Amino acid sequence: MKVIKIDKKKWAEGLNKLRAAYQLIGPVKKDTYHDFQVLDKDQLPDFDFLNTRMSPKSIAFPQSEVMLQYSLDEAKEDHHIMKEVQKDASPRAVFGIRPCDAKALMLVKLNFDTSDYKDPYWIQAYEASTLIGMACDNPSSTCFCTSTGCGPYNEEGLDVLMVDIGDHYLAKIISKKGEELLEKAGWKTSADDPSLIEKKKSQSEAKITSAVETKNLKDKTILDLYEAPFWEDISFSCLNCGTCTYVCPTCWCFDIQDEAHGKKGVRMRNWDSCMFPLFTLHTTGHNPRETKVHRVRQRFMHKLKYFMDKYDKGIMCVGCGRCIRLCPVNIDIRTVCDKMNNFKASC
Amino acid sequence: MLEYIDKIKEISTRLLTEKKVDIIIGFRKGTLPMSNEPCFAKNAEDIKSFVWDSNCGINLANYLPNRKEKIGIIAKGCDSRNIVTHIIENKIKRDQLVIIGVPCKGMIDRKKISDMFEKEITEVTEKQGKITVKGNGVEKTIEKSKVLQENCAICIHRNPVIYDELAAEKVEEQKNVDRYEDVRKVEAMTPEDKWKYFDNLLENCIRCYACRNACPLCYCPTCFVDEAKPQWVGKSQDPTDTRTFHFLRAFHCAGRCTDCGACVRACPMGINVRAFTKKLEKDCFELFNWEAGLSMDERPPLDTFKPTDPDEFIK
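Residues numbered from 1 in each chain as written. Chains lettered and ligands numbered in written order. Predicted model: local features only at pLDDT ≥ 70, side-chain atom pairs only at ≥ 80, totals over all residues.

Looking only at helices and strands, chain B has 11 helices and 8 strands in total. For 315 residues, the compact-globule estimate of 2.2 N^0.38 gives 20 Å, and chain B sits close to it at 20 Å. Buried positions account for 42% of the 315 residues belonging to chain B. Nonlocal contacts in chain B, meaning residues at least 24 apart in sequence, comprise 66% of its contacts between residues at least 6 apart. (Helix = DSSP H or I, 4+ residues; strand = E, 2+ residues; numbered from the N terminus. Rg over C-alpha atoms; globule rule 2.2 N^0.38 Å. Buried ≥ 20, exposed ≤ 12 C-beta atoms within 10 Å, placed from the backbone. Contact = placed C-beta atoms within 7 Å.)

Encoded structure:
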């Protein structure tokens with residue numbers, strides 16, 4: 001696959017050329033953390049981060065998104081009829097996505113883009129995006145991507161993988177979309193030594209010291225794990241807040257709501273969390289996941305067992321470590337995964 | 001404070017072996033620096049994992065409501081005040097509890113420390129009022145007093161107000177502390193500036209409710225933001241809904257908040273959630289000479305009436 005050399009002196013110039021054809025999105029430093037945002041005119045993405053605080057899943061799956069709109073004005077002929085909302089489907093280029101987050105988009109895709117169901121909002125935003133990854137050379141101590149079928153130089157889900165070589169970037173073209181973007185930016189010089197990428201890749205992988213063991217999970221029965229004795233201990237400290245689910249790049253659950261103001265209304269979807277009691281509350285008042293033990297078990301069973309059994313694509317976790325770093329009470333998915341993987345049911 | 005742990009373990013083991021309690025609620029070492037995890041122990045073996053240091057900022061009183069068994073609980077000053085509040089509000093019975101009081105010298109602010117370092121912090125240790133931070137080739141020792149959680153720096157109730165056992169000699173309470181400098185700054189603002197100040201505070205809120213769920217006061221069976229039949233508050237990122245949640249929650253904590261800082265510590269987005277409750281805490285102190293959770297014999301000002309009430313309209 002072709003590797004292009006981008007001189008850092010030509011970086012801003014290339015990005016400016018792209019602004020005509022794409023909306024540019026990239027990590028920006030705010031206060032003491034980085035998050036993805038639409039770049040202002042002349043604003044450059046800032047790559048000096050371990051990873052962004054929130055994941056870039058919101059590029060295709062924003063926390064709140066209007067799906068349909070309606071009018072309650074009975075003087076109008078089409079009142080009370082749900083109408084499509086015009087969405088911006090223009091091309092956008094997302095810079096600085098970490099390989100773990102790109103892989104996460106592929107896992108989310110398994111849910112939003114299937115042969116039976118196609119989520120038009122997610123698919124439209126995803127297809128409009130060209131994803132330019134930034135390889136990870138300084139993984140954090142909470143990164144365990146190499147044991148989740150991913151890695152700091154993983155290419156899955158990306159259109160281009162960029163690697164920082166000091167005074168220049170190497171950009172490995174992964175898809176046609178990626179190739180087009182590089183052409184439009186005027187970055188055409190072939191790299192003199194593309195093997196540098198492989199070298200840096202092994203160096204970075206060696207820096208990842210954290211791992212989870214998942215190989216036994218597949219052979220465990222759901223009921224054995226469900227009834228395992230450790231859930232009370234794991235869930236005790238849990239506050240049942242939505243932090244882990246909201247910062248997770250692979251959590252895809254949402255809730256649909258109608259909101260009307262005066263005579264205008266919208267149907268929208270908002271992120272939801274299996275940690276919230278309301279998530280499963282029936283209109284009868286019955287709640288099948290009544291206690292936090294139920295809810296905590298559900299989250300980990302979904303990520304580490306149900307998903308694996310249903311899709312055969314490994315666990316529903318890319319090892320980005322956000323939930324570990326941001327959990328208010330330090331519940332650590334690595335510890336839970338190990339407990340599940342090593343669990344032996346007594347007969 | 002590190003030296004407390006032996007005594008804490010000794011008391012806890014005794015309480016469990018003598019069957020005085022069914023469980024003990026405490027902390028075990030977390031997997032990250034500056035993060036301990038609340039946990040429970042049911043036997044002497046479990047007690048071995050208990051820790052006590054300057055990373056026990058989560059308020060353990062939060063784990064009490066609606067529990068049925070006999071509970072031993074490790075309580076620093078603020079936890080003990082929230083236990084009193086729970087007892088007054090009938091969320092737990094006094095005779096269900098054996099309180100292991102821990103005189104506290106303040107918890108450290110992990111965000112403040114993380115923000116002081118460019119690189120990731122991999123190890124934090126403490127010794128005699130000093131905190132040593134290590135990470136990626138950097139090592140630095142800082143005075144603990146400089147990196148305390150803000151609420152701890154101005155705390156005047158470090159000793160537990162209610163306890164059955166004490167894990168150490170009581171510590172000297174801080175004197176001449178200006179507890180409300182930050183509130184006075186906001187009070188002095190114009191209405192427009194106040195609005196801007198609170199909007200800026202909430203800019204990053206993701207409505208995860210970690211602040212509410214870490215708060216011992218927030219035990220409503222159904223929080224108003226979770227009311228569904230009918231729904232009271234919108235679920236989107238609309239600033240009006242986010243404000244409504246934070247403002248109403250703060251008002252609901254008026255006269256009950258002990259300024260334990262659990263909300264700030266829990267917030268994944270680094271929002272100073274105390275900024276909402278602090279003014280109400282100040283008002284309760286100035287109007288009613290009231291500090292929450294200090295006495296089991298007095299009703300909180302917002303659920304009682306006194307002829308000496310400073311407001312004319314109520315008389």
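Picking up where we left off.
This next bit is on the sheet that holds strand E8 (residues 165–166) of chain B. Residues and elements named next belong to chain B. In spatial order, the strands read E2-E1-E3-E4-E8; together these 5 strands make up an open sheet with mixed pairing. This sheet does not close on itself; its edge strands, each paired only once, are strand E2 (36–41) and E8. Two elements, strand E3 (residues 71–75) and strand E4 (residues 97–101), share 5 bridges in a ladder whose sense is parallel. Bridging across to E4, isoleucine 74 finds its partner in isoleucine 100. Strands E3 and E4 of the sheet are contacted by helix H3 (residues 77–88), whose axis makes an angle of about 155° with E4. (Pairing = 2+ DSSP bridges. Axes fitted to C-alpha atoms, helices over the stretch in contact; angles between N-to-C directions.)

Below, the discussion takes up the domain arrangement of chain B. Residues and elements named next belong to chain B. For chain B, the domain assignment lists domain 1 (1–106 + 156–174) and domain 2 (178–304). The C-alpha-based centres of domain 1 and domain 2 are spaced at 25 Å. With 16 residues of domain 1 at the contact, the number on the domain 2 side is 16 residues. Residue composition of the side of domain 1 that touches domain 2, by class: 8 nonpolar, 6 polar and 2 charged. (Domains from an automatic or database assignment. Nonpolar A, V, L, I, M, F, W, Y, C, P; charged D, E, K, R; others polar.)

Looking now at unusual backbone geometry. Residue and element names in this part refer to chain B. Of note, the amide linkage connecting lysine 229 to proline 230 takes the cis form, showing an omega dihedral of 0°. Locating proline 230 in the fold gives a position in the loop between helix H8 (210–214) and helix H9 (239–252). Even without a glycine there, the phi angle at methionine 34 is positive, about 65°. The buried category is assigned to methionine 34, around which 23 C-beta atoms lie within 10 Å. Its identity as a non-glycine residue notwithstanding, tyrosine 209 has a phi of 70°, on the positive side. C-beta crowding within 10 Å serves as the criterion here: with 25 such atoms nearby, tyrosine 209 is assigned to the buried category.

On to helix H9 (residues 292–311) of chain A, then. Residue and element names in this part refer to chain A. Over its 20 residues, H9 runs 27 Å from end to end, which matches the ideal 28 Å to within 8%, given 1.5 Å per residue. The largest bend in H9 is about 55°, located at histidine 302. Within H9 the residues assigned to the buried category are Arg295, Val296, Arg297, Arg299, Phe300, Lys303, Leu304, Lys305 and Phe307. Those residues of H9 that are buried lie in contact with helix H6 (222–226), helix H7 (231–235) and helix H11 (333–342). Just beyond H9, the residue with positive phi is aspartate 312, at close to 55°. (Expected span 1.5 Å × (residues − 1). Bend = angle between axes of the 7 residues up to and from the residue.)

With that out of the way, let us pick up the domain arrangement of chain A. Residue and element names in this part refer to chain A. Segmenting chain A into domains produces domain 1 (3–63 + 75–207) and domain 2 (217–342). Computed over C-alpha atoms only, the centres of domain 1 and domain 2 are separated by 26 Å. Contacts between the two partners involve 25 residues from domain 1, matched on the other side by 22 residues from domain 2. Class assignment of the residues belonging to the side of domain 1 that touches domain 2 gives a composition of 13 nonpolar, 9 polar and 3 charged.

Let us look at the sheet that holds strand E5 (residues 123–127) of chain B. Residues and elements named next belong to chain B. Sheet architecture is open: 3 strands sit in the order E5-E6-E7, paired in antiparallel fashion. Unpaired on one side and paired on the other, E5 and strand E7 (138–143) mark the two borders of the sheet. With direction set aside, neighbouring strand axes in the sheet form an average angle of 20°. Where E5 meets strand E6 (residues 130–135), 5 bridges bridge the pair, whose relative direction is antiparallel. The partner of glutamate 126 across the bridge, within E6, is isoleucine 131.

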